[in-house]
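# Secondary and tertiary structure notes
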Amino acid sequence: MAFLLDPEKTRIEDLIETFDHINNLRILIQTELSVEYFVLFVGGSTMINVDLDKWILAAKEIIKIPIVIFPGSHHQLTENADGLLFLNLISGDNPDYLIRQQRQAAAQLLRSQLEIVPTGYLLIDGGHESAVQRVSQTLPLSQHDADSIIHTAFAGQLMGNQLIYLEAGSGAITPVNPEIIKSVKNQLEIPLIVGGGLRSLQQLKSSYLAGADMLVIGTAIEQKINWN
């Protein structure tokens, strides 16, 4: 299970309260779903005027789970994290997010000590225009066209990615359909991450049972919804 925080939306002075909420949710998820492994993803689509090094160092003083960078651009890199999802947006055709950002990041990662995991990132239509859609200027894949999602995910595996990430987007109204999760998972030999629009224990359970290896909770953390 991963919790996703955008430092642009969660200030350093709010970390203690936010992590109290995350720890309470972690206990609930452990009890209800028997999930044992938790990680914190950190990143955002823009992250303007954020000192990422300072933010992550402050977070490490409070929460004791691995911190992995979930970058929106090559500017969102720091050696103070534990790992990095090296994302490539394979659901869209914008070369800036297929190779240009990655090439600029690579120049900074030549001697990095981070655990770097190549990740094929698919933006899925969650019924709401997400920040990723606006910033990347790409269209999400329709959940009514499961074959396109399956083929794109499989292409991501063939390209050498070590993870596939199905993302319904921040603030998604509709999470990724469990049937799509199941169909994609059946075609993959690598782990599958699913996020976007997850706001209930039942949605988490359905997504896990469908085959997701890791789920990501983001906006629901920011909104501090009641999961009971």
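To be clear, the structure that these remarks concern was listed above.
Read on for an overview of the structure. Because the structure is a prediction, the values reported are computed rather than measured.

## As for the overall build of the protein chain
Along the protein chain, the regular secondary structure elements total eight helices and eight strands. A globule of 228 residues ought to have a C-alpha radius of gyration of about 17 Å, and the protein chain, at 16 Å, matches this closely. Looking at the protein chain residue by residue over its 228 residues, the buried ones come to 54%. Taking contacts inside the protein chain between residues at least 6 apart in sequence as the whole, the part at least 24 apart equals 70%. Looking at the protein chain as shown, the accessible area adds up to about 11,000 Å², and 49% of this sits on carbon and sulfur atoms. The averaged location of the 25 negative side-chain charges in the protein chain is 2 Å from the averaged location of its 15 positive side-chain charges.

## Structural notes on the pairing of strand 8 (residues 214–217)
The two faces of strand 8 match: Met214 and Val216 on one face and Leu215 and Ile217 on the other face are all buried. With two bridges connecting them, strand 1 (residues 2–5) and strand 8 associate as parallel partners. Each residue of the ladder has a partner; that of Ala2, found in strand 8, is Val216. Where strand 7 (residues 192–195) and strand 8 come together, three bridges link them in parallel fashion. Looking at the pairing, Ile193 lines up with Met214 of strand 8. Between strand 7 and its parallel partner strand 8, the chain crosses via helix 7 (residues 201–210), and the hand of that crossover is right-handed.

## Details of the packing of aromatic side chains
Here a ring pair, both rings aromatic, is described through the centre-centre distance and the interplanar angle of the planes. One pass over the structure, following the stated rule, counts five aromatic pairs. Ring plane angle 5 degrees and centroid distance 5.8 Å describe the contact between Phe3 and Phe38, whose orientation is recorded as stacked. Residue Phe3 is located in strand 1, and its partner Phe38 is located in the loop between helix 1 (15–33) and strand 2 (39–42); the two are separated by 35 residues in the primary sequence. Among the residues examined, Phe3 registers a relative accessible area of 0% and is labelled buried. Across from the ring centre of Phe38, 5.9 Å away, lies the NZ or CZ of Arg26, which sits over that ring.

About the cut-offs
- Residues numbered from 1 in each chain as written.
- Predicted model: local features only at pLDDT ≥ 70, side-chain atom pairs only at ≥ 80, totals over all residues.
- Heavy atoms only, no water.
- Helix = DSSP H or I, 4+ residues; strand = E, 2+ residues; numbered from the N terminus.
- Rg over C-alpha atoms; globule rule 2.2 N^0.38 Å.
- Buried < 20%, exposed > 50% of the residue type's maximum accessible area, 1.4 Å probe, protein only.
- Contact = heavy atoms within 4.5 Å.
- Areas by Shrake-Rupley, 256 points an atom, 1.4 Å probe, with all protein chains shown as cover.
- Lys, Arg positive; Asp, Glu negative; His and termini not counted.
- Charge placed at Lys NZ, Arg CZ, Asp CG, Glu CD.
- Pairing = 2+ DSSP bridges.
- Right-handed = clockwise from strand over helix to strand, strands pointing away.
- Phe/Tyr/Trp six-rings, centres within 6.5 Å; stacked < 30°, edge-to-face > 60°.
- Lys NZ or Arg CZ within 6 Å of the ring centre and 35° of its normal.

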